[in-house]
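Topology and contacts: notes
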Amino acid sequence: MSATGSLVLACHIDGTPATKGSYKSVRNRRTGKTLLVGMNRHEHEWRNRVARAVRSQWFTQHPTRPMPRLDAPLAVRAVFLLPRPKSVSPTARPWPTVSPDVDKLARCLLDALTDSGLIKDDSRVIHLDAHKHYADPPHRKAGADITIHTLTKEES
C-alpha cells in the first residue's frame, strides 16, 4: 500500500514508553459499583507526557494555527526507543525481542494522541508503522519518535 498525504507533525517524546496493558475489574465494597483499573502504573504518566509533547510541538511548528482535531484518514509511524537493561549486551540481544509488546506500546501512543486533541479518535489511523529498538546512549535517548500524516490518496 502506498499513500500520499501531507505531514501533520513529527516529534520525539523523551521518557520510557509505557504500554496500554490489561485492565481488571474491582468492586467498590461501599457502593457496590465495579471499576476498571489499569494494570500498568506507568500508563497515565506516559500518556500525559505524549499529549503534552504533541501539543507543545504543534504550537512550535505551527505558531499561528490552532491545533486541529483531525477527522481524516491518518498514517502514524512510531519508533519506540527502549532502555537496554544493563544485564543485556548489544551482541547478546541486539533487538528488544522481549516485553513490552509493540502492539501494546502503539495502543497507548494512539490513545495519547487522542488525549492531546490532535486527532478526533484513534480509529482515524488507517496505517500504523510501529517499531521498537533499544536506545543506546549516548546516540539515542529512550522515548518515541512519531510522525503523523494525513492521507489524501490511496494506490494499490
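Before reading further, recall that the structure is shown in the block above.
Not measured: the values here are computed from a predicted model. (Residues numbered from 1 in each chain as written. Predicted model: local features only at pLDDT ≥ 70, side-chain atom pairs only at ≥ 80, totals over all residues. Heavy atoms only, no water.)

Focus on the side chain of arginine 84
Our working definition: Here a helix means four or more residues in a row that DSSP labels H or I, a strand means two or more in a row labelled E, and each is numbered from the N terminus. Distance and chemistry together define a polar contact, namely a pair of N or O atoms within 3.5 Å, with one atom able to donate a hydrogen and the other to accept it when in protein, and with adjacent residues in sequence counting only for side-chain atoms on both sides.
Within the secondary structure layout, arginine 84 lies in the loop between β4 (74–83) and α2 (102–116). Within the local environment of arginine 84, its side chain forms a polar contact with the side chain of aspartate 136, the two groups lying 2.9 Å apart.

A short note on the layout of surface pockets
Put simply, the rule reads: Put simply, the grid is 1 Å and covers the protein atoms alone, a cavity is a trapped set of points that fit a 1.4 Å probe, a pocket is an open set with protein on both sides within 12 Å along at least five of seven lines, and lining residues have an atom within 4 Å of a point. Grid points are joined across faces, edges and corners, and a volume is the space filled by probe spheres set on the points. Amino acids are sorted into nonpolar (Ala, Val, Leu, Ile, Met, Phe, Trp, Tyr, Cys and Pro), charged (Asp, Glu, Lys and Arg) and polar (every other residue, Gly among them).
In this model, the largest pocket occupies a volume close to 220 Å³. What lines the largest pocket is a set of 14 residues, among which Thr16, Pro17, Leu82, Ser99 and Pro100 lie closest to the centre. Residues that form the lining of the largest pocket fall into these classes: 9 nonpolar, 5 polar and no charged.

Some words on the environment of threonine 97
Keep this limit in mind: Only protein chains enter the accessibility calculation, which uses a 1.4 Å probe; a residue whose area is less than 20% of its type maximum is buried, one above 50% is exposed, and one in between is partly exposed.
Relative to the helices and strands, threonine 97 resides in the loop between β4 and α2. Of the residues examined, threonine 97 reaches a relative accessible area of 64% and is grouped as exposed. For the pair threonine 97 and histidine 133, spaced 36 residues apart in sequence, the C-alpha to C-alpha distance is 9.2 Å.

So far we have only geometry, and geometry alone does not tell us how the molecule works.
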